[in-house]
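Structural features, examined
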Amino acid sequence: MSTRFRAALRPTFATILLAICLSSFVALTALAQSQTTGRVAGTVRDEKGAVISGAEVTLASKTASDARSATTDGEGNYTLPLIPAGVYQVTIRANGFKKVAFDNVRVVITETLTINADLAVGGAEETVTITAAGQIVQTDGAQLGRVVDSRSVDELPLATRNFTQILGLSPGAATYLPDNTAVGRNSQNISVNGGRVTNNNFQINGVDANSMGTNSAPSLSVPAPESIQEFKVQTSLYDATFGRSGGGNIQAVTKSGGNSFHGAAYEYFRNKSLNANDPFLKAAGVKQPELSRNVFGFTLGGPGFKDKLFFFLSYQGQRERNGASKINSISSNVLVAPGLTDDRSEAKLLSTFLPTAPAGTRINSTALALLNTKLDSGQYLIPTPQANGLYSGSTPSIFQEDQLNANFDWNVNDRNKLSFKLFFSNAPQTLVLPSFLGGGPNVPGFGNFQKNNNRLAVVQYNRIFSPNVVNDLRVGYNFIRVDAFPQEPVNDSNIGIRRSNAGLFPGLGLIRIAPAAGGIVFGTSATIDVRAKAPSTTIADTLSISKGKHSLRVGGEFRYNENNYVLNFFTRGQLDFLSFSSFLQGQALVSIFGSGDGNRSLRAHDYNFFFQDDWKVTNKLTLNLGVRYELDLPPYDTRGRLATFDPALYKPRLLAV
């Protein structure tokens, strides 16, 4: 279990309510950015620098019929909050002045785009068009982060078409270099400002996408790059709207359709003809390992009903046979035994490895059976090494994924918008050399079949009460499933090893011969028999009100987390042998056997509330004032299998005011 994070600042509910009431009293305004939206704000003046009140500011989408408008106040300021990410045109009109149009304005999630305008005297029919440039510096806040748009995600060279492989490009984020030979998704964890990789918070389309148990990237949903609108990694000083963890906040949103049809089909592939051999395998005389990877799919977006209903669909499939993975497919310089050949007769083994043994010495029957056991491929379970006693080889692991992304946006009317977004993925894989924390077999035979399933569904309702009051409601369900089943071609009961739970957990325990010298390891690792499901439900609401120099956002989030898993610990045992000779004689140095109850049905409730005011004191000074309260209750087991407290006495509840 990862640590359950809580806010260091823990004010009472009464304090929060008092702050909100006081803020309303002094006419603070609410607004703007959220997990899936951005904000446009600015000041309108004339050519001599005098502010213009009553100017009409209209923001219109370049791809759909969405349009929002605002009017500048007595100080010439305007604000357009909770704007979905996309490209827009901003038009500013005022009586007695030429109209100004800012074209190709890009609004990004979590950020405020400042567009100031100086209007020239003239007729309203005259238009000055300005092509908007990207904003280099954020002037409304101290938050650090980096937005990566759809073009960058699509065109950057990603090792396995996975957007998490460029999370490390953000300032303050560090990770390892992507391994192009890794099996499957190859999602990357990032460390933000030196924090743990489990200290980050992932949200997709504005809802929780984490697993309560690990809170890390490898098990998360990974939409295809072609389906991502943009994502942002916020590394520090982000406002009270964002929380849950003390590290980075990663926000990703998927694409939506528009009034015109757009689509594409693609395929990325690599195969043996395009790859070079591993230099260490080449030096050992081993032929080039197989690496065949095909990633293919399509996207299609457009109108269902013009100006009313829009859709975006994407499908991606991946098929991979990977014998080049250094962790999961390649056995490199594994010490077996100098002199071992395909002649595994007892007489040959005695003359080669025990020539000075007393007359009547026999090879241990279990060791002899293991040496003569063959896999379905025809290879010996204990492979025949090269002349120097070392074994190197490659056996392909297999990965397959099918994912679907479906987004629907319905403009009910000018004030109401409803969106539904669904992500679905099944990604089974077979790892020839499964490894957990560095433990597991280093020769083929005892692989691991894994099911990796993800579901993410979001319903978002956006209500515009007035140009200055907007509400954003999100309800989401996230489902993560990771099952792992060991492949066990040999049962220890058939070769002379006896244990009490062999009927419940058949197979062969982990056997290590000369482990200190890099010797052979085969059998089933203790922790690769896993069945885990981690769903979470999110309900979040953000109310935004804007007026004058103030921007206020107030809202809350509720999460219901589950973690249901079965882990089988040391159920098949472990035998260590000091040398190959001691293995032949059945002289185990270490014998480990045990069983543990790894079953859990964990539940946890999280309650988060926030209040944020961005007060623009002057054109050069903005105060970001916010408070966030997080009550992340400890998990409890539905059947009382946690030793830390009595679940019969524990009832999750909010603290009293």
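Let's talk about the overall build of the protein
The helix and strand tally for the protein stands at six helices and 37 strands. Counting over 657 residues, the protein shows a buried share of 53%. Of the contacts formed within the protein by residues at least 6 apart in sequence, a portion of 70% connects residues at least 24 apart.

What about the environment of Pro634?
Mapped onto the secondary structure, Pro634 falls in the loop between strand 36 (621-632) and strand 37 (636-637). Here Pro634 falls in the partly exposed class, since its relative accessible area comes to 32%. Taking C-alpha positions, Pro634 is 8.5 Å from Arg603, a pair spaced 31 residues apart along the chain.

Quick look at the sheet that holds strand 2 (residues 56-61)
Read from one edge of the open sheet, five strands run 3-2-5-6-9, paired in mixed fashion. Every interior strand has two partners, whereas the edge strands, strand 3 (67-71) and strand 9 (127-131), have only one. Pairwise comparison of adjacent strand axes, ignoring direction, gives a mean angle of 20° for this sheet.

Some points on a nonpolar patch on the surface
Taken together, the side chains of Phe408, Trp410, Leu418, Phe420, Leu422, Val459, Tyr461, Leu473, Val475 and Ile539 present a nonpolar region at the surface, about 760 Å² in accessible area. Of all the secondary-structure elements, those providing two or more residues to the nonpolar patch are strand 22 (397-411), strand 23 (416-426), strand 25 (448-466) and strand 26 (469-486). On the secondary structure map, Val475 appears in strand 26.

Some points on unusual backbone geometry
Positive phi is not limited to glycine here, since Arg161 has a value of about 55°. Secondary-structure assignment places Arg161 in the loop between helix 2 (150-155) and strand 11 (173-174). For Arg161, a relative accessible area of 7% gives the class buried. Phi is positive for Asp307, which is not a glycine, with a value near 70°. Assignment of secondary structure puts Asp307 in the loop between strand 18 (291-305) and strand 19 (309-322).

Structural notes on the pattern of salt bridges
Enumeration according to the criterion identifies 24 salt bridges in this entry. A salt bridge links Arg481 to Asp483; its shortest N-O distance comes to 2.8 Å. Residues Glu562 and Arg603 are paired through a salt bridge, measuring 3.6 Å at the closest nitrogen-oxygen approach. Within this pair, whereas Glu562 is found in strand 31 (residues 550-569), its partner Arg603 is found in strand 35 (residues 600-618), the two being separated by 41 residues in sequence.

Some points on helix 4 (residues 346-353)
Within helix 4 the residues assigned to the buried category are Glu346, Leu349, Leu350 and Phe353. Take helix 4 and look down its axis: the buried residues cluster within an arc of 100°, on one side only. Residues of helix 4 that are buried in the fold lie against helix 5 (365-371) and helix 6 (580-584).

Notes on the side chain of Ser191
For Ser191, the location among the structural elements is in strand 12 (residues 191-192). Engagement of the side chain of Ser191 in a polar contact is seen with the backbone oxygen of Gly195, the distance being 2.5 Å. Setting aside anything within four residues of it in sequence, one finds Ser191 in contact with Gly172, Ala173, Ala174 and Val197.

Looking at the packing of aromatic side chains
Counted according to the given criterion, the structure contains ten aromatic pairs. For the pair Phe261 and Phe311, a centre-to-centre distance of 6.3 Å together with 55° between the ring planes defines the contact as tilted. Placement of Phe261 in the loop between strand 16 (249-254) and strand 17 (262-270) and of Phe311 in strand 19 is noted, with a sequence separation of 50 residues between them. Among the residues examined, Phe261 registers a relative accessible area of 56% and is labelled exposed. Exposure remark for Phe311: the relative accessible area of 15% places this residue in the buried category. Between Phe449 and Phe485 the ring centres are 6.5 Å apart and the planes differ by 25°, which places this aromatic pair in the stacked class. Here Phe449 is found in strand 25, whereas its partner Phe485 is found in strand 26, with 36 residues between them in sequence.

Digging into the nonpolar core
One finds Leu340, Leu370, Ile382, Phe522, Phe580 and Phe583 to be the most contacted residues of the largest nonpolar core, which totals 29 residues. Apart from residues no more than four positions distant in its own chain, Ile382 is found in contact with Val336, Leu340, Arg344, Leu370, Leu371, Ile520, Phe522 and Phe583. Residues Phe163, Phe231, Phe423 and Val458 belong to the second largest nonpolar core, which totals 26 residues.

Concerning the environment of Thr164
Looking at the element boundaries, Thr164 is found in the loop between helix 2 and strand 11. Judged by its relative accessible area of 4%, Thr164 is buried. Counting along the chain gives 14 residues from Thr164 to Pro178, while the straight-line C-alpha distance between them is 9.8 Å. If sequence neighbours within four positions are ignored, Thr164 has contacts with Asn186, Ser187 and Gln188.

A word on the environment of Leu456
As for its position among the elements, Leu456 is in strand 25. Residue class for Leu456 comes out buried when judged on its relative accessible area of 3%. Each C-alpha atom of the pair Leu456 and Ser425 lies 9.2 Å from the other, and the pair is 31 residues apart in sequence. Not counting residues up to four positions away in its chain, the partners in contact with Leu456 are Ile204, Val207, Asp208, Ser221, Lys421, Leu422, Phe423, Tyr477 and Asn478.

The rules we used
Residues numbered from 1 in each chain as written. Predicted model: local features only at pLDDT ≥ 70, side-chain atom pairs only at ≥ 80, totals over all residues. Heavy atoms only, no water. Helix = DSSP H or I, 4+ residues; strand = E, 2+ residues; numbered from the N terminus. Buried < 20%, exposed > 50% of the residue type's maximum accessible area, 1.4 Å probe, protein only. Contact = heavy atoms within 4.5 Å. Pairing = 2+ DSSP bridges. Axes fitted to C-alpha atoms, helices over the stretch in contact; angles between N-to-C directions. Patch = residues over 30% accessible without salt bridge, like charges linked within 9 Å, V, L, I, M, F, W, Y side chains within 5 Å. Areas by Shrake-Rupley, 256 points an atom, 1.4 Å probe, with all protein chains shown as cover. Salt bridge = Lys/Arg side-chain N within 4 Å of Asp/Glu carboxyl O. Arc of directions from axis to C-beta. Polar contact = N/O pair within 3.5 Å; in protein donor to acceptor, adjacent residues only side chain to side chain. Phe/Tyr/Trp six-rings, centres within 6.5 Å; stacked < 30°, edge-to-face > 60°. Core = buried A, V, L, I, M, F, W, Y, C linked by side-chain atoms within 4.5 Å.

Shape descriptors only; they carry no functional weight alone.
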